Structures are given as structure tokens and as C-alpha cells.
Amino acid sequence: MSPVPIVRFAPSPTGRIHIGNARTALLNWLYVRRRGGRFVLRFDDTDVGRSKAEYAASIEQDLAWLGVEPDDVRRQSERMAIYDAAAEKLKSAGRLYPAYETPEELDRRRKVQQALGRPPVYDRAALRLTDAERAALEAQGRKPHWRFRLDPGTVRWDDLARGESHVDCGSLSDPVLRREDGTFLYTLPSVVDDIEFGVTDVIRGEDHVTNTAVQIQLFEALGGVVPRFGHHNLLTDASGEGLSKRTGALSIASLREKGVEPLAVAALAVLVGSAEAVRPVASLDELAALVEIRHLSHGAARFDEAELDALSARTLHAMPYAAVASRLAALGIAGADAEAIWLALRGNVAKLSDVADWLPVIAGEIAPVVEDRAYLAQAAAALPEGDWDQTTWSAWTKTLKAATGRKGRELFHPLRLALTGRESGPELAALLPLIGRARALARLSAPSS
RNA sequence: GCGCCCAUCGUCUAGCGGUCCAGGACGUCGCCCUUUCACGGCGAAAACACGGGUUCGAUUCCCGUUGGGCGCGCCA
């Protein structure tokens, strides 16, 4: 097998991606990030009716927001001729055969089989058609769709996540590879592309395990190298319901709009349902070192959005200035004081945008809360001269303590109320130098409120 | 209905026959630190789904039941 892993994330651009898709994308991305390798973003857009360019664009945006930067982006809609050739190859090998049933007929048969307690498997009636019968159908204007003739045996593989795995293909329908109009379903293009792009590891959700058995047969029928497969456990929402059944709420776009940190989304998306404790991380590299596909559990895991908010806040509390500098600049926080402002405020924000709430305290207008004018006048008079730094607060309050005999809450709280106008907030030692002498003096001397 | 996978504290999990009156993380609660919040420190409550086996001994192995996830598409 290639020493350099090549993985792919293959969404169909028929909607926006949600947290479950992000889990798959990230698991792939982190896999090659740690080993050195390539990540291909492949849009499985053979369903022209449902695929939309704007969805593809938004998927790329969502991935970029999470920090996933593909090495290559491909579109299946541009590669039809190649799938055509593969289909011909299967046809001449006797593995692809025409079938003429209508979707309604098939649906009816499936229902009958289910009612009889039989698995709803295609009966291969088309395989028993004589040449004359086929010609008759064609003469009526019926166009065939094309099915891949499955080997009935059991397909086995050593799964990256689940170990020894097997699927009995005898209980599967021959998959339709191509529609009447010549367009392809996802199965064949996926395998053709995996072969051609040299994909070494297919990491996807466990909803694909039976597809994997079919696709392994397809890899073999096409003479391609069968990649390693890994099927990660699926996520459910907080109530235990499968994500695929719900839409919207857990989309990456909605999480971004809520102001959740991308690193928190990434961390929870891949750490939940694994043996590793969910924790804030400082980078995707740190996350990559934590994630081990083999350590994923095999049952579905709950993704709790409430947990995400807490993780997002904790991620912010430890975030170095360099990691947020450009986003702070966009909020108007830049220049010499920007780092000090961030370090003073970060422990008190749940979302990055919360820093805006504190800006007036540092550099704008507030309504000081004044309850004890005499004490504040005394405090104003004791305000140190010269340049202020982190030590100014304690020097000042020490002086005040000696002069007034106050201590604890009685000493500090009136100062906080006057200087910030609020009951609680960041440490005043960090805030005071940012507020500056002039502003502090004005607030301490404000009229009673 | 049939098939595959799973089943340990509220949640995510460790556990691969005795080391488990079950360990960690998040959450919750309490205490400490602190002018407040947050952080940090210490501590507490909190779980082996049920029934049968196998075994000297089952959380751990087997079978069944129940529950859950997924699949059974001319979706991907």
C-alpha cells in the first residue's frame, strides 16, 4: 500500500453539511494531517437534479471555517466519460446487465417481499430475459437501467475502526449503477474515482458498511486496488435521534452563526464517541494527535449542543492573542493595546463577539455606579501618577486600604461599580491600565447615580 | 419484517475472567482560593439494561429478551 495515505471526503452538494458530516471530513483530514498525505474533496454531484453549485460552495466554506483545506477539489459531473468507459468494461465482463422494471414495479415487489417476511432483494428477473423478450421491450420504447451482478459470497475486510467485518452479499440486491438516461448513481463513480485518485483509505460513517461490500466487488471487477476501509460510529442529536433524520439545527452554518468556536466544533465532532476525553484544543494539530480511528466506539454517540457551548467558552479562555488577532481586528480591536485587551477579557467571554460588550468600559462611555461619593473621592485622590501597568491596581488599593481601614468587598466593590458600571467582570488589575488615569478619574468623580 | 453494529455514572467512555464494593472526562453539588465572574485546587453524589447459561469465580465469555443506531432506493 502507498506509504503516503490519500483520503477523500465525498459529499453530494444537495444541501449544507451538518456536524455528522464534519465528523467524517475531520476524521479524514486529521488522518492525513498527522501522517502526511493528501485530502481530496470530491463532490459526488452525479445527481444533476438535486446537486447545486451553491451548495458545493457553501460546503467548501463550512470546511474552511473548520480549518479543513483540501489538497484537491474534484467534481464527478465533469468526469462522465471516464465512468462511461468503466461501465463498458463491466458490461463486457458480464457484470453489468440491463433491467427494465419501472420504479413502481420494483417498489411493489419490495412491499410484497416484506409482507412475506422476506428480505426485499431484487430477484434478477432481468437476467432471465431472452434476447427476444429484450428486443420486444426495446421495441415498446422501454429503456433499460443497468445493474451490477453481485457475487453472492461473503465479503470480508479488516476495518480501520471496527476490525474484522463482513457482509453477506447473497442478501443484497444487485445495485443499479446507471439510470435509463445514462446518468450514474454514486456507486460506480465513487469506486472509479477512488481507483484513479489513488485513494488508500476510505473513512466514512458506518451507514456505508453494506456499500463497502458492494464497492469491494466493484474494485475487484474493475481491477483496482482495494483501499483500506474505516467506518466510524454515527452521531445522534441530544435526544438520541439519528442526525440524518433531522435537518438544519446542527448545520455547521448555524453553529458558525451562533458564534461557536470552530476549534470547539472540531474537537467535539471527533472526540465525542471516542475513548479520548472531550477537551479544548489550541490547534487542529493538537487534535490530530488525540484522534485514533481505532479508539472510536462502535455504537452511536450523542452530540450535545449544550456541551458545545461550554467547550467553546473554554476554548476561548485559553486562546492566545495570535490565534484571534485578525478576528479581533475585525471587531475593531487592534493596535498596541489589543493583546492586553484580549488577555484581560478572554476569561469573561462565552463567545468572541462578547468582547464588544467590554469595549466601552475600556475606551468608551459608561454609566458609573456611584453609591458612596466620599469613599470614591478619597479613591480618586489616591490614584497613582505616572505610567500604569498591571501592578497599579494593587498599589492603589493598598494605599486606600491603609487610608480608609476598608478591606475585602467593602474596599473593592465600590471601585468596580464606579470604574466599570457593573457588578462583575474581568480582573481589575488587568482592566485598570487599559481604562487609564483620565477615564478612571472621571468615573470616580461622577455624580451619584 | 430481515440483516449488521451497539448496550458501564445524566453524557462521552476505561475495562479485554479474579487487580472493580468499577477508573477518567464533561455536567451537577460542596469546600478552598478570589472584590465578582471565570480559571485553578480539593472533595462528594452518580453506572455494569434484564433473564438464562459457562466457570471455583463474571462488568468481562455464550445464548435469549429488551432497548438503541444503521442498512435493506433508478439518494449519497
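Residues numbered from 1 in each chain as written. Chains lettered and ligands numbered in written order. Predicted model: local features only at pLDDT ≥ 70, side-chain atom pairs only at ≥ 80, totals over all residues. Heavy atoms only, no water.

**Q** I'm lost on the domain arrangement of chain A in this one. Help?
**A** Frequently, the measure chosen for interface size is the accessible area removed from exposure when the parts meet. By domain assignment, chain A separates into domain 1 (1-74 + 186-318), domain 2 (82-178), domain 3 (321-363) and domain 4 (373-444). Each of domain 1 and domain 4 has a C-alpha centre, and these two points are 51 Å apart. (Domains from an automatic or database assignment.)

**Q** Whenever I open this one, the environment of Tyr321 confuses me. Can you help?
**A** Inspection of the secondary structure assignment puts Tyr321 in helix α12 (residues 321-330). Along the chain, Tyr321 and Ala338 lie 17 residues apart, while their C-alpha atoms are 8.4 Å from each other. (Helix = DSSP H or I, 4+ residues; strand = E, 2+ residues; numbered from the N terminus.)

**Q** Looking at this structure, how should I read the packing of aromatic side chains?
**A** Two numbers describe a pair of aromatic rings. These are the distance of the centres and the angle of the planes. Counting across every chain of the model gives five aromatic pairs. Aromatic pair Tyr83 and Phe184: ring centres 5.9 Å apart, planes at 75°, arrangement edge-to-face. With Tyr83 in helix α3 (residues 80-92) and Phe184 in the loop between β8 (176-178) and α6 (187-196), this residue pair connects regions lying 101 residues apart in the sequence. With respect to class, Tyr83 is no different from Phe184; both count as buried. (Phe/Tyr/Trp six-rings, centres within 6.5 Å; stacked < 30°, edge-to-face > 60°. Buried < 20%, exposed > 50% of the residue type's maximum accessible area, 1.4 Å probe, protein only.)

**Q** Just to check I follow, could you spell out the packing of helix α15 (residues 373-382) against helix α16 (residues 392-404) for this structure?
**A** Helix-helix packing: each pair is described by the crossing angle between the helix axes and the interaxial distance. Following both chains from N to C, one finds α15 and α16 inclined at 130°, their axes separated by 10 Å at the closest point. As far as their axial angle goes, α16 and α15 are oblique. The element α15 and its partner α16 pack so that their crossing is right-handed. Along its contact with α15, which presents Tyr375, Gln378, Ala379 and Ala382, the element α16 presents Trp396, Leu400, Ala403 and Thr404. When its residues are assigned to classes, the contact of α15 with α16 shows six nonpolar, two polar and no charged. (Axes fitted to C-alpha atoms, helices over the stretch in contact; angles between N-to-C directions. Parallel < 35°, antiparallel > 145°, perpendicular 65-115°, else oblique. Left-handed = near helix turned anticlockwise from the far one by under 90°. Contact = heavy atoms within 4.5 Å. Nonpolar A, V, L, I, M, F, W, Y, C, P; charged D, E, K, R; others polar.)

**Q** Sorry, what's going on with the packing of helix α17 (residues 408-420) against helix α19 (residues 437-444) here?
**A** At their nearest, the axes of α17 and α19 sit 8 Å apart, and the two run at 110° to each other. Judged by the angle between their axes, α17 and α19 are roughly perpendicular. Along its contact with α17, which presents Leu415, Ala418 and Leu419, the element α19 presents Ala440, Arg443 and Leu444. Looking at the contact of α17 with α19, its residues break down into five nonpolar, no polar and one charged.

**Q** How should I be thinking about the sheet that holds β8 in this particular structure?
**A** Backbone-to-backbone hydrogen bonds join strands into a sheet, with any given pair of strands oriented parallel or antiparallel. Read across the open sheet, the three strands follow the order β4-β5-β8; overall the sheet is antiparallel. Edge positions in the sheet fall to β4 (96-99) and β8, since each has one partner strand and no second. The sheet shows a mean angle of 45° between the axes of neighbouring strands, direction not considered. Pairing analysis gives two bridges linking strand β5 (residues 145-148) to β8, with the strands arranged antiparallel. (Pairing = 2+ DSSP bridges.)

**Q** I'm lost on the protein's contact with RNA strand B in this one. Help?
**A** Arg50, Glu101, Glu180, Ser297 and Asn348 are the nearest of the 53 residues found near RNA strand B. By atom count, sugar and phosphate contribute 68% of the portion of RNA strand B lying within 4 Å of the protein. Measuring from a sugar or linking oxygen of RNA strand B, one finds a side-chain N or O atom of Asp44 at 3.5 Å. For RNA strand B, a base oxygen lies 3.3 Å from a polar atom in the backbone of Leu428. (Near = heavy atom within 4 Å. Polar contact = N/O pair within 3.5 Å; in protein donor to acceptor, adjacent residues only side chain to side chain.)

**Q** How should I be thinking about the sheet that holds strand β2 (residues 38-43) in this particular structure?
**A** Read across the open sheet, the three strands follow the order β1-β2-β3; overall the sheet is parallel. Each of the sheet's edge strands pairs with one partner strand only, and the pair in question is β1 (6-9) and β3 (72-75). Taken pair by pair, the neighbouring strands of this sheet meet at an average axis angle of 30°, ignoring direction. Across the face of the sheet, helix α2 (residues 53-66) comes into contact with β1, β2 and β3 while running at roughly 150° to β2.

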